[in-house]
Amino acid sequence: MPELAVPTVAAVPSHAREWLALLLTPGLGPTRARRIVEFFGGIEAVFRASLTELEATGMMAASAQSLGTGKSLELAEEELARAAAAGVHLISLDDPAYPSQLRQIYDPPLVIYVRGNVAALSQPGIAVVGTRHPTPYGTGMAERLACDLAVRGLVIFSGLARGVDTAAHRGTVQAKGKTVAVFGTGVDVVYPKENSRLADQILGCGGALISEFPLQTFAAPQNFPIRNRIISGISLGVLVVEAAEYSGTRITARCALEQNRDVYAVPGNVTNKNSWGPNTLIRQGAKLVATWEDVWDELPADVRLALTPSPGNESQQAKSASLFADDPDLPPHEKKIMALLKADEATHIDAIVERLERDLSSSEIFAALFELELAGKVRQLPGKNFVKSF
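Everything numeric in this text was worked out from a predicted model, so none of it was measured. (Residues numbered from 1 in each chain as written. Predicted model: local features only at pLDDT ≥ 70, side-chain atom pairs only at ≥ 80, totals over all residues. Heavy atoms only, no water.)

Undergrad: What's the story with the overall build of the protein in this structure? I'm lost.
TA: On a plain count of helices and strands, the protein comes out with 19 helices and twelve strands. Relative to the 2.2 N^0.38 estimate, which gives 21 Å for 390 residues, the radius of gyration of the protein is 24 Å and therefore close to what a compact globule would have. Judged by the C-alpha coordinates and their principal axes, the protein covers about 85 × 45 × 40 Å. Buried residues in the protein amount to 52% of all 390 residues. For the protein, contacts bridging at least 24 residues in sequence account for 72% of all contacts bridging at least 6. As presented, the protein carries roughly 18,100 Å² of accessible surface, and 53% of it is formed by carbon and sulfur atoms. (Helix = DSSP H or I, 4+ residues; strand = E, 2+ residues; numbered from the N terminus. Rg over C-alpha atoms; globule rule 2.2 N^0.38 Å. Buried < 20%, exposed > 50% of the residue type's maximum accessible area, 1.4 Å probe, protein only. Contact = heavy atoms within 4.5 Å. Areas by Shrake-Rupley, 256 points an atom, 1.4 Å probe, with all protein chains shown as cover.)

Undergrad: Honestly, the sheet that holds strand β11 (residues 378-381) in this entry has me stumped. Any pointers?
TA: Strands pair in a sheet through their backbones, by hydrogen bonds, and they do so in one of two ways: parallel or antiparallel. Read across the open sheet, the three strands follow the order β10-β12-β11; overall the sheet is antiparallel. Where the open sheet ends on each side, the last strands, each with one partner, are β10 (347-348) and β11. As paired elements, β11 and strand β12 (residues 385-388) share four bridges and run antiparallel to each other. Of the residues in β12, the one forming a bridge with R379 is V387. Packed on one face of the sheet, helix α19 (residues 362-374) meets β11 and β12 and runs near 105° to β11. (Pairing = 2+ DSSP bridges. Axes fitted to C-alpha atoms, helices over the stretch in contact; angles between N-to-C directions.)

Undergrad: Can you help me understand the packing of helix α9 (residues 164-174) against helix α10 (residues 196-204) in this one?
TA: Packed helices, taken two at a time, are described by their axes: the angle between them and the distance between them. At a minimum axis separation of 10 Å, α9 and α10 run at an interaxial angle of 40°. The angle between the axes of α9 and α10 places the two elements in the oblique class. Like other packed secondary-structure pairs, α9 and α10 cross with a definite hand, here left-handed. Only L198, Q201 and I202 of α10 make contact with α9, whose side of the interface consists of T166, H169, R170 and V173. (Parallel < 35°, antiparallel > 145°, perpendicular 65-115°, else oblique. Left-handed = near helix turned anticlockwise from the far one by under 90°.)

Undergrad: Even after reading the chapter, I still don't get α19, so can you show me in this structure?
TA: An α-helical turn contains 3.6 residues, so a residue and the one three or four places further along point in the same direction. When the terminal C-alpha atoms of α19 are compared, their 18 Å separation across 13 residues agrees well with the 18 Å that a helix rising 1.5 Å per residue should span. The complete set of buried residues in α19 reads I365, A368, L369 and L372. Along α19, the residues classed as buried sweep out an arc of 100° about the axis, all on the same side. Exposed positions of α19 whose direction lies more than 90 degrees from the buried face are S363 and L374. Its buried side turned inward, α19 meets α17 (332-340), α18 (349-356), β11 and β12. (Expected span 1.5 Å × (residues − 1). Arc of directions from axis to C-beta.)

Undergrad: Please clarify how the nonpolar core should be interpreted in this entry.
TA: Looking at soluble globular proteins, one finds that nonpolar side chains tend to be buried together. The biggest cluster of nonpolar side chains holds 69 residues, and the ones touching the most others in it are L22, V46 and I210. Apart from the residues lying within four places of it in its own chain, the contact partners of L22 are L28, A33, V37, I43, V46, F47, L67 and L110. By size, the runner-up hydrophobic cluster in this structure holds 28 residues, among which are I126, L236, Y264 and W296. (Core = buried A, V, L, I, M, F, W, Y, C linked by side-chain atoms within 4.5 Å.)

Undergrad: Explanation requested: the packing of aromatic side chains in the structure shown.
TA: The full count for this structure, using the stated rule, is three aromatic pairs. Centre to centre, the rings of F39 and F40 are 5.1 Å apart; their planes meet at 85°, and the pair counts as edge-to-face. For F39, a relative accessible area of 56% puts it in the exposed group. Above the plane of the ring of F224 lies R132, whose end atom (NZ or CZ) is 5.9 Å from the centre. Of note, R152 hangs over the ring of W292, and the distance from its end group to the ring centre comes to 3.6 Å. (Phe/Tyr/Trp six-rings, centres within 6.5 Å; stacked < 30°, edge-to-face > 60°. Lys NZ or Arg CZ within 6 Å of the ring centre and 35° of its normal.)

What is shown is where atoms sit, not what they do.
Here's what the structure looks like:
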């Protein structure tokens, strides 16, 4: 894919500076800023208004002072220069490139900072979200479903957090599909840091990293619930894979319902606390999801027709429909190990050796596990624990 041109301040849409100035004005949020624009009849009129007229809207004195004295515009100019130097695109609310799905929500961000492929934001996609502490089952399902949906042309939206988010992005990258990570920090601050390589892979596959927060914004806890409305709002629907009773995923699911988005959930073991979220959502009417078809069948007909599967992935599509299919071509040693391992429960290497000691030597078990790992059929977890991949 050809590289996107690095934006310059002159290339920024005409009103991006003004929208950015509103974003950087102390005491103004997206909703209040839009109401002020509506009150004055346009974004340009806000910056022509006198201090008295600004104060008459009922905004905080600090906000009126920042706008009336031109301080907000100065901050915007400085931010635009930083964005240009960092190769970051800015899309304001009145920009044609602003995602139409996101513009429909109650409180869309005034400005979106974008690193990567701007067009990916407006393509049909599904959000995949869940706990930061998933079970092997949750990790496997998130990765598998994201991979299968991405192969069929859907963009996968998530938050780059540890756990389910990371698995969803990773599954999409494996499918060479497009995925968009919505940051709760500045778009130049990758959080958590261990996902820096994954962020680079997202960009390399034609995806994007986006945020509504100014550059260099650090990982403040209150920012992450705020960004969740973007993850749901930019998507056609939200797929929940494992979430405890009190978690940020509940906020995303609630936002999806308020935004009239579809909600999907992967059922889980009722004795696991991480299953509370998806199982409760299913009880409340969310679509139960076991394979990619459960999501695909709910998509609007025009979206399904428009999506074209990635070339070269026909074999993957053919085998992804079932979670339980066995591979008849596996060597006998590997078949024995695959029959022993589970996808939702880790098995320690000592237990594998003990259970198979009558049939296989330790060296044969280690060799077979190594081959299965290389083939992506088995994953090794910390502590020499192994699980079957989905």
